[in-house]
Amino acid sequence: MVTRTEPNIVITGTPGVGKTTHCEVLAERSGLRHLSINQIVKDKEAHEGWDDEFQSWVVDEDKLLDAMEDDVSKGGCILDWHACDLFPERWVDLVVVLRTDSTVLYDRLKSRNYPEAKLQENLDSEIMEVLLQEARDSYSEEIVVELKSDDSDQMETNIDRIEAWIKQWKEDHPEGHDGSS
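Just so we're clear, the structure is a prediction, and the values are computed from it rather than from any experiment.

Caption draft 1: Focus on the overall build of the protein chain. Counting its secondary structure elements, the protein chain contains 7 helices and 7 strands. Secondary structure of the protein chain in N-to-C order comes out as β-α-β-α-β-β-α-β-β-α-α-α-β-α. Computed over C-alpha atoms, the radius of gyration of the protein chain comes to 16 Å, within 12% of the 16 Å expected from 2.2 N^0.38 for 181 residues, which places it in the range of a compact globule. The C-alpha extent of the protein chain, read off along each of the three principal axes, is 50 × 40 × 30 Å. Pairs at least 24 residues apart make up 74% of the contacts formed inside the protein chain by residues separated by at least 6 positions. Surface accessibility of the protein chain: about 9600 Å² in total, with carbon and sulfur atoms responsible for 44%. Of the side chains in the protein chain, 19 bear a positive and 42 a negative charge, and the two mean positions are spaced by 4 Å.

This is the structure in structure tokens:
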């Protein structure tokens, strides 16, 4: 088992909550690597084809996890995706679930020209707290954090909080961490 000297963080939430922006800024400030799962799916062909109705790739989770294993086992990754339950617990030190107001989310998704079915599915998912529940069901409650992401002030506060968490993680694991409890 590889000892990680930097934590792995999952930043998840419904499309449109600001995951990628959070990840990009956090990677720039912290030195951790931003791994866009959508990009890995495309680049490593970890999919079973294209879904026309939802305008997205149908992910092959086994291929995806195999493609990510080496990078993530070293630590220092920020995993950016709209789901989190497929990532093994041993990979994950913190799960940040970004949430946003449904009217703000509607406007963000509409501006992306999402097909109506995809827009409605994502709004329903956010309103029903689907991704928050998925995170709570998949990981120990101590590592799951829910943060609001309605505007740039909240994003700035979120980034500051996550940076402070990274600093504390490093202080708590001076010899590194092997991903076990």
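Caption draft 2: Representation of the pattern of salt bridges within the structure. Taken as a whole, this structure holds 12 salt bridges when the rule is applied. With a closest N to O distance of 3.2 Å, Asp160 and Arg29 form a salt bridge. With Asp160 in helix α7 (residues 152–172) and Arg29 in helix α1 (residues 19–30), this pair connects stretches of sequence that are 131 residues apart. A relative accessible area of 34% places Arg29 in the partly exposed class. Between Glu126 and Arg99 there is a salt bridge; the shortest N-O distance is 2.9 Å. Of the two residues, Glu126 sits in helix α5 (residues 116–127) while Arg99 sits in strand β6 (residues 94–99), which places them 27 residues apart along the sequence. Taken individually, Glu126 and Arg99 each receive the classification buried, so the pair is uniform in this respect.

Caption draft 3: Here's a closer look at the packing of aromatic side chains. A full pass over the atoms with the stated rule returns 3 aromatic pairs. Aromatic rings pair up to connect Trp81, Phe87 and Trp91 into one cluster. Across the ring face of Tyr114, the terminal group of Lys118 is positioned such that the distance to the ring centre comes to 4.5 Å.

Caption draft 4: Inspection of the packing of α1 against α7 at higher detail. Viewed as axis vectors pointing N to C, α1 and α7 meet at an angle of 45°, and their least axial separation amounts to 10 Å. When the axis of α1 is compared with that of α7, the two are oblique. Here α1 runs over α7; the crossing is right-handed. Each of Thr21, His22, Val25, Leu26, Arg29 and Ser30 in α1 lies in contact with α7, whose residues at this interface are Met155, Glu156, Asn158, Ile159, Asp160, Ile162, Glu163 and Ile166.

Caption draft 5: Summary view of a negative patch on the surface. Together, Glu61, Asp62, Asp66, Asp85 and Asp137 give the surface a local cluster of negative charge. It is helix α3 (residues 61–74) that provides the largest number of residues to the negative patch, a total of 3 residues. Its location among the elements puts Asp85 in the loop between β5 (77–80) and β6. Using a relative accessible area of 43% as the deciding quantity, one classes Asp85 as partly exposed.

Caption draft 6: How the structure looks around unusual backbone geometry. The phi torsion at Asn113 lies on the positive side, around 60°, for a residue other than glycine. Within the element layout of this structure, Asn113 appears in the loop between α4 (102–111) and α5. With phi around 55°, Glu129 is a residue other than glycine that occupies positive phi space. With respect to the helices, strands and loops of the structure, Glu129 is situated in the loop between α5 and α6 (130–138).

Caption draft 7: Representation of α1 within the structure. Over its 12 residues, α1 extends 16 Å from the first C-alpha to the last, a length consistent with the 16 Å expected when each residue adds 1.5 Å. Taken residue by residue, α1 has Lys19, His22, Cys23, Leu26, Ala27 and Ser30 as its buried positions. All buried residues of α1 fall inside an arc of 125° around its axis, so they share one side. Residues of α1 that are buried sit in contact with β1 (9–12), β2 (33–36), β5, β6 and α7.

Definitions and cut-offs
- Residues numbered from 1 in each chain as written.
- Predicted model: local features only at pLDDT ≥ 70, side-chain atom pairs only at ≥ 80, totals over all residues.
- Heavy atoms only, no water.
- Helix = DSSP H or I, 4+ residues; strand = E, 2+ residues; numbered from the N terminus.
- Rg over C-alpha atoms; globule rule 2.2 N^0.38 Å.
- Contact = heavy atoms within 4.5 Å.
- Areas by Shrake-Rupley, 256 points an atom, 1.4 Å probe, with all protein chains shown as cover.
- Lys, Arg positive; Asp, Glu negative; His and termini not counted.
- Charge placed at Lys NZ, Arg CZ, Asp CG, Glu CD.
- Salt bridge = Lys/Arg side-chain N within 4 Å of Asp/Glu carboxyl O.
- Buried < 20%, exposed > 50% of the residue type's maximum accessible area, 1.4 Å probe, protein only.
- Phe/Tyr/Trp six-rings, centres within 6.5 Å; stacked < 30°, edge-to-face > 60°.
- Lys NZ or Arg CZ within 6 Å of the ring centre and 35° of its normal.
- Axes fitted to C-alpha atoms, helices over the stretch in contact; angles between N-to-C directions.
- Parallel < 35°, antiparallel > 145°, perpendicular 65-115°, else oblique.
- Left-handed = near helix turned anticlockwise from the far one by under 90°.
- Patch = residues over 30% accessible without salt bridge, like charges linked within 9 Å, V, L, I, M, F, W, Y side chains within 5 Å.
- Expected span 1.5 Å × (residues − 1).
- Arc of directions from axis to C-beta.

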